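Observations on chain architecture
Below are the chains, spelled out letter by letter.
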Amino acid sequence: MVRYSFIGATGYVCGELLRMMVNHPGAELVNVLDTFGVGSKIQESHPALRGFYDKDIMELTEENVRLTARASDVVFIVVPSGEVVQFARIVLGEGKKLIDIGADIRFRDAEVWNKWYSAEHPDPDMTREAVYCIPEVMRDLARGKNLIANPGCYPTASTLGLQPMLKAGHIVENTIVIDAKSGYTGAGRRPGLNKLLTEAENNFCAYSLSSSHRHTPEIEQNIAYITGQDTMKPETWQYINFQPHLLPQVRGIEVTIYATLDRDYTNDELYQMYSEFYKDEPFVMVYPASQPVQTKWVYGTNLCAMTPVYDARTHRLIVSSVIDNIGKGAAGQAIQNMNLIMDLPETTGLLVPPMYP
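A brief look at the structure comes next.

Conventions adopted
- Residues numbered from 1 in each chain as written.
- Predicted model: local features only at pLDDT ≥ 70, side-chain atom pairs only at ≥ 80, totals over all residues.
- Heavy atoms only, no water.
- Helix = DSSP H or I, 4+ residues; strand = E, 2+ residues; numbered from the N terminus.
- 1 Å grid on protein atoms, 1.4 Å probe; cavity = no way out; pocket = protein on both sides within 12 Å on 5 of 7 lines; lining within 4 Å.
- Points joined across faces, edges and corners; volume = space filled by probe spheres on them.
- Nonpolar A, V, L, I, M, F, W, Y, C, P; charged D, E, K, R; others polar.
- Pairing = 2+ DSSP bridges.
- Contact = heavy atoms within 4.5 Å.
- Axes fitted to C-alpha atoms, helices over the stretch in contact; angles between N-to-C directions.
- Phe/Tyr/Trp six-rings, centres within 6.5 Å; stacked < 30°, edge-to-face > 60°.
- Buried < 20%, exposed > 50% of the residue type's maximum accessible area, 1.4 Å probe, protein only.
- Parallel < 35°, antiparallel > 145°, perpendicular 65-115°, else oblique.
- Left-handed = near helix turned anticlockwise from the far one by under 90°.
- Polar contact = N/O pair within 3.5 Å; in protein donor to acceptor, adjacent residues only side chain to side chain.

1. Structural notes on the environment of Ala 88
With respect to the element layout, Ala 88 can be found in helix α4 (residues 84-93). In sequence terms Ala 88 and Leu 261 are 173 residues apart; their C-alpha atoms lie 42 Å from each other.

2. Section: the layout of surface pockets
Of the voids in this model, the largest pocket is the one considered here, and its volume is about 1,200 Å³. In terms of lining, the largest pocket is formed by 45 residues, of which the most central are Val 78, Val 79, Gly 186, Ala 187 and Gly 188. When residues of the lining of the largest pocket are traced back to their parent elements, those giving at least two are α1 (12-21), α8 (153-168) and α12 (327-341). Taken together, the residues that form the lining of the largest pocket break down as 20 nonpolar, 17 polar and eight charged. In this structure, the second largest pocket encloses a volume near 300 Å³. Lining the second largest pocket are 16 residues; nearest its centre among them are Gly 15, Glu 16, Arg 19, Ala 48 and Arg 251. The leading source of residues in the lining of the second largest pocket is α1, at four residues.

3. Focus on the sheet that holds strand β10 (residues 241-246)
Strand order in the open sheet made by the seven strands is β9-β10-β8-β11-β14-β13-β12, with mixed pairing throughout. Both edges of this open sheet fall to β9 (205-206) and β12 (284-286), since each of them pairs with a single strand only. The sheet contact formed by strand β8 (residues 177-182) and strand β11 (residues 253-260) spans six bridges and is antiparallel. Across the sheet, Ala 180 pairs through a bridge with Val 255, a residue of β11. In the packing of helix α11 (residues 267-277) onto the sheet, the strands contacted are β12, β13 (304-311) and β14 (316-323), and the crossing angle to β13 comes to about 150 degrees.

4. Observations concerning the sheet that holds strand β1 (residues 2-7)
Across the sheet, which stays open at both edges, the seven strands sit in the order β3-β2-β1-β4-β5-β7-β6 with parallel pairing between neighbours. For this open sheet the edge positions go to β3 (57-59) and β6 (131-132), each flanked by a neighbour on one side alone. Bridge count between strand β2 (residues 27-34) and β3: three bridges; the pairing is parallel. Within β3, the position partnered with Asp 34 by the bridge is Glu 59.

5. Thoughts on the packing of aromatic side chains
A full pass over the atoms with the stated rule returns six aromatic pairs. Ring geometry for Tyr 4 and Phe 76: centres 6.2 Å apart, planes at 75 degrees, overall edge-to-face. Of this pair, Tyr 4 sits in strand β1 while Phe 76 sits in strand β4 (residues 74-77), placing them 72 residues apart in sequence. Considered together, Tyr 4 and Phe 76 belong to a single accessibility category, that of buried residues. Consider the rings of Trp 113 and Tyr 117, whose centres lie 5.0 Å apart with planes at 5 degrees: the pair is stacked. Note that Trp 113 and Tyr 117 are positioned in helix α5 (residues 110-117) at a spacing of four residues, about one turn of the helix. Taking the relative accessible area as the measure of exposure, Trp 113 reaches 3% and is therefore buried. Take Tyr 117: its relative accessible area is 11%, and that puts it in the buried class.

6. Some thoughts on the pairing of β10
A regular strand carries its side chains on alternate faces of the sheet. For β10, the tally of buried residues reaches five of six residues, placing the bulk of the element in the interior. Pairing analysis gives six bridges linking β8 to β10, with the strands arranged parallel. Residue Ile 178 lies in a different strand from β10, and its bridge partner there is Phe 242. Pairing between β9 and β10: two bridges, direction antiparallel. Note that in β10 the partner of Cys 205 across the bridge is Leu 246.

7. A word on the packing of α1 against α12
Where α1 contacts α12, the two axes come as close as 9 Å, and the packing angle between them is 50 degrees. Of the possible angle classes, the one that applies to α1 and α12 is oblique. In this structure, α1 crosses over α12, and the sense of that crossing is right-handed. When α1 is examined against α12, the residues Val 13, Glu 16, Leu 17, Met 20 and Met 21 are found in contact with a partner set consisting of Gly 327, Ala 330, Ala 331, Gly 332, Ala 334, Ile 335 and Met 338.

8. Some points on the pairing of β1
The buried fraction of β1 amounts to five of the six residues, a majority that puts the element mostly inside the structure. Examined bridge by bridge, β1 and β2 share five bridges and lie parallel to one another. When the sheet's bridge partners are listed, Val 2 is paired in β2 with Ala 27. Examined bridge by bridge, β1 and β4 share four bridges and lie parallel to one another. If you follow Phe 6 over to β4, its bridge partner there is Phe 76.

9. Concerning α5
When we look at burial in α5, the residues that qualify are Ala 110, Val 112, Trp 113, Asn 114 and Tyr 117. At its buried positions, α5 is contacted by α6 (124-129) and α10 (215-226). With a side-chain oxygen lying 2.9 Å from the backbone nitrogen of Glu 111, the N-terminal cap of α5 falls on Asp 109. The first or second residue beyond α5 is Ser 118, which carries a positive phi of 50 degrees.

Written out as structure tokens, the structure reads:
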């Protein structure tokens, strides 16, 4: 039995992780902590959990984190950028495992974090000790480790869509363009003017224009890892254009990836190549050119679905890749990583069909 706790109890990711954990036969919730909703029941923040959990939200203090770590095997954490280190030190000091679903330890080189987050990282050594893990890409690095950086949602969909061709070595450097769209849960639960129904409904917009989004270097780091470059030398990474957009829907991410290739393919060849590459990955589904994937096909799951095609006129690979941003993009992948580091089958508790339509 894996005993787990969650720091950041009132956010969407915690609600989704607890919903998914209902299906996990070998896990027991110990504590939930936050600075919001302290003293209330977890089901008050997440009404869908009523009847499944009955935990009080504990105040997020160092002492409560210490007590929680002692009673847990794994602690999941989602807190504002720059705040993970103080709690990670406590959990690791108690000899327990921590999975950060935020961005504080995603970069091997802390200088990359400093640049893109406009702050000084509080513990650069921790970023080097942490293991960033998309299981389908670098699971061998994470086995048996205590500190896991759970990937971002956009980088997960993008990296999985790129990986087979990156491994094949036919992408022309510095030609990758990623046109990405996300539902509003990707913007978190805290109130904001742009999240009001009157602002969001029937609306569509780009944000972080000119590849200024913080997931840009994360994707570039993943490309460097897959292609055998040094992840501690960002000056050697190839550049991408990554442009996110907000969709007028609650869940779901779709990324359309474009990359120039140095040889031609047919659509059938690409389908066979991608299918063969992911044949042993239960959470990745490849579709032929005649079936462009849709976000509803992965709604509420840990699945990634993709359709790779080739434009012979422009010599470009085009891949449409979809995930649920708070499923495979956050909570689902965090559970997959928990299973991995606790030496459980990665699919434990996660093989469910999407909530379609």
